[in-house]
Amino acid sequence: MNRHRLFPLRGLLLPLTLSALSACTAPSPHVRVVFQVDDAGHCQMNGQALACDHAGTEASSHWQVAQIHAVLLPSAHAPQPAVQALDDSLRQAHVAHVQFGDPSTFKYDPNENGFHI
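Along each chain, the written sequence defines residue order, and numbers are assigned to residues from 1. Confidence filtering applies because this is a predicted model: local features only for residues at pLDDT of at least 70, side-chain atom pairs given and counted only at 80 or more, and all residues used for totals across whole chains, interfaces and linings. In computing side-chain properties, one takes all heavy atoms of the structure into account and sets aside hydrogens as well as water.

Asker: Even after reading the chapter, I still don't get the sheet that holds strand S5 (residues 97–100), so can you show me in this structure?
Answerer: As a general point, the strands of a sheet are linked pairwise by backbone hydrogen bonds and lie either parallel or antiparallel. What the 5 strands build is an open sheet, ordered S3-S2-S1-S4-S5; its pairing is mixed. The sheet is open, and its two borders are formed by strand S3 (48–50) and S5, each paired with just one other strand. The average undirected angle you get between the axes of adjacent strands in this sheet is 30°. Direction of pairing for strand S1 (residues 30–37) relative to strand S4 (residues 67–74): parallel, over a ladder of 8 bridges. Bridge assignment links Phe 35 to a residue of S4, and that residue is Leu 72. Only strands joined by at least two bridges in the DSSP assignment are considered to pair. The numbering of helices and of strands both runs from the N terminus, where a helix is a DSSP run of H or I of at least 4 residues and a strand a run of E of at least 2. Only the contacting stretch of a helix is used when fitting its axis, a line to C-alpha atoms as for every element, and angles between N-to-C directions run 0 to 180 degrees.

Asker: Teacher, can you tell me more about the confidence of the model for the chain here?
Answerer: The predicted coordinates of low-pLDDT regions are not to be read in fine detail. With 62% of its residues at a pLDDT of 70 or more, the chain shows a mean pLDDT of 76. The predictor reports its confidence for every residue as pLDDT, a score running from 0 up to 100. Mean pLDDT per element in the chain: strand S7 (residues 114–116) is the minimum at 43, and strand S2 (residues 43–45) is the maximum at 95. By definition in these notes, contact holds between two residues if any of their heavy atoms fall within 4.5 Å. Between residues 113–117, whose pLDDT stays under 50, and residues either more than four places distant or in other chains, the model counts 13 contacts.

Asker: Is there a simple way to think about the pairing of S4 in this case?
Answerer: Walk down a regular strand and you will see the side chains alternate between the two sheet faces. Two elements, S4 and S5, share 4 bridges in a ladder whose sense is parallel. Residue pairing across strands places Ala 70 opposite Val 98, the latter belonging to S5.

Asker: Which parts of the structure should I look at to understand the environment of Gln 36?
Answerer: With respect to the helices and strands, Gln 36 occurs in strand S1. The contacts of Gln 36, once residues within four sequence positions are left out, are His 42, Cys 43, Gln 44 and Leu 73.

Asker: How should helix H4 (residues 80–92) be read in this particular structure?
Answerer: Each turn of an α-helix holds 3.6 residues, which means side chains three or four residues apart point in the same direction. In a helix, the anticipated span is given by 1.5 Å times the number of residues less one. Counted at 1.5 Å a residue, the expected span for H4 with its 13 residues is 18 Å, and the 18 Å between its end C-alpha atoms agrees. Note on classification: 1.4 Å probe, protein chains only; a residue is buried when its accessible area is under 20% of the maximum for its type, exposed when over 50%, partly exposed between these limits. When we look at burial in H4, the residues that qualify are Ala 82, Val 83, Leu 86, Asp 87, Ser 89 and Leu 90. Around the axis of H4, the buried residues are gathered within 160° of arc, so they sit on the same side. Exposed residues on H4 whose side chains face more than 90 degrees from its buried face are Gln 80, Pro 81, Arg 91 and Gln 92. Check the buried side of H4 and you find it contacts S1, S2, helix H3 (55–62), S4 and S5. Just downstream of H4, His 94 is the residue with a positive phi angle, here 60°. Each C-beta atom gives one direction from the helix axis, and the arc is the one those directions make.

Asker: I'm lost on the environment of Ala 76 in this one. Help?
Answerer: Locating Ala 76 in the fold gives a position in the loop between S4 and H4. Between the C-alpha atoms of Ala 76 and Asp 39, which are 37 residues apart in sequence, the distance is 7.5 Å.

Asker: Would you mind going over the nonpolar core with me for this structure?
Answerer: The nonpolar side chains of soluble globular proteins are, as a tendency, buried together. What we call a nonpolar core is a set of buried Ala, Val, Leu, Ile, Met, Phe, Trp, Tyr and Cys residues that are connected through their side-chain atoms within 4.5 Å. In this structure, Val 33, Phe 35, Val 37, Met 45, Leu 86 and Leu 90 are the most contacted members of the largest nonpolar core, which totals 20 residues. Going through the elements one at a time, S1, S2, H3, S4 and H4 are the ones with two or more residues in this core. If near-sequence neighbours (up to four positions away) are discounted, Met 45 is found in contact with Val 33, Val 34, Phe 35, Leu 50, Glu 58, Ala 59 and Trp 63.

Asker: Explain unusual backbone geometry here, please?
Answerer: Note: most residues except glycine have negative phi, and most peptide bonds are trans. You will see that Asn 46, though not glycine, has its phi angle at about 50°, which is positive. Within the secondary structure, Asn 46 sits in the loop between S2 and S3. At His 94, a residue that is not glycine, the phi angle is positive and equals roughly 60°. For His 94, the location among the structural elements is in the loop between H4 and S5. By relative accessible area, His 94 is classed as exposed at 69%.

Right, dumping it as structure tokens:
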């Protein structure tokens with residue numbers, strides 16, 4: 001029996017396998033950083049006080065990783081300008097991921113038509 005008839009794609013197997021393996025890449029290193037804004041408009045990064053408008057720069061210089069995943073946890077009565085300054089600072093520093101609130105604390109309330117913190 002002819003081996004080439006049984007395995008007609010044998011010559012393509014190695015290139016297909018190599019191309020499939022090259023498509024798999026290791027995930028980029030990242031760090032999760034929690035930013036809080038209190039009722040007085042003061043910001044904290046993982047529990048340390050900092051200016052809201054410099055939060056992105058501080059995070060980028062503190063963690064030398066490919067991606068920073070920021071979690072914003074403003075208090076219920078945090079001043080909107082302070083929250084906006086924090087958000088703008090993170091965007092200017094090209095923070096990879098900005099999440100408002102912590103999903104572990106989200107509650108679903110059918111009377112409120114969805115999720116809330």
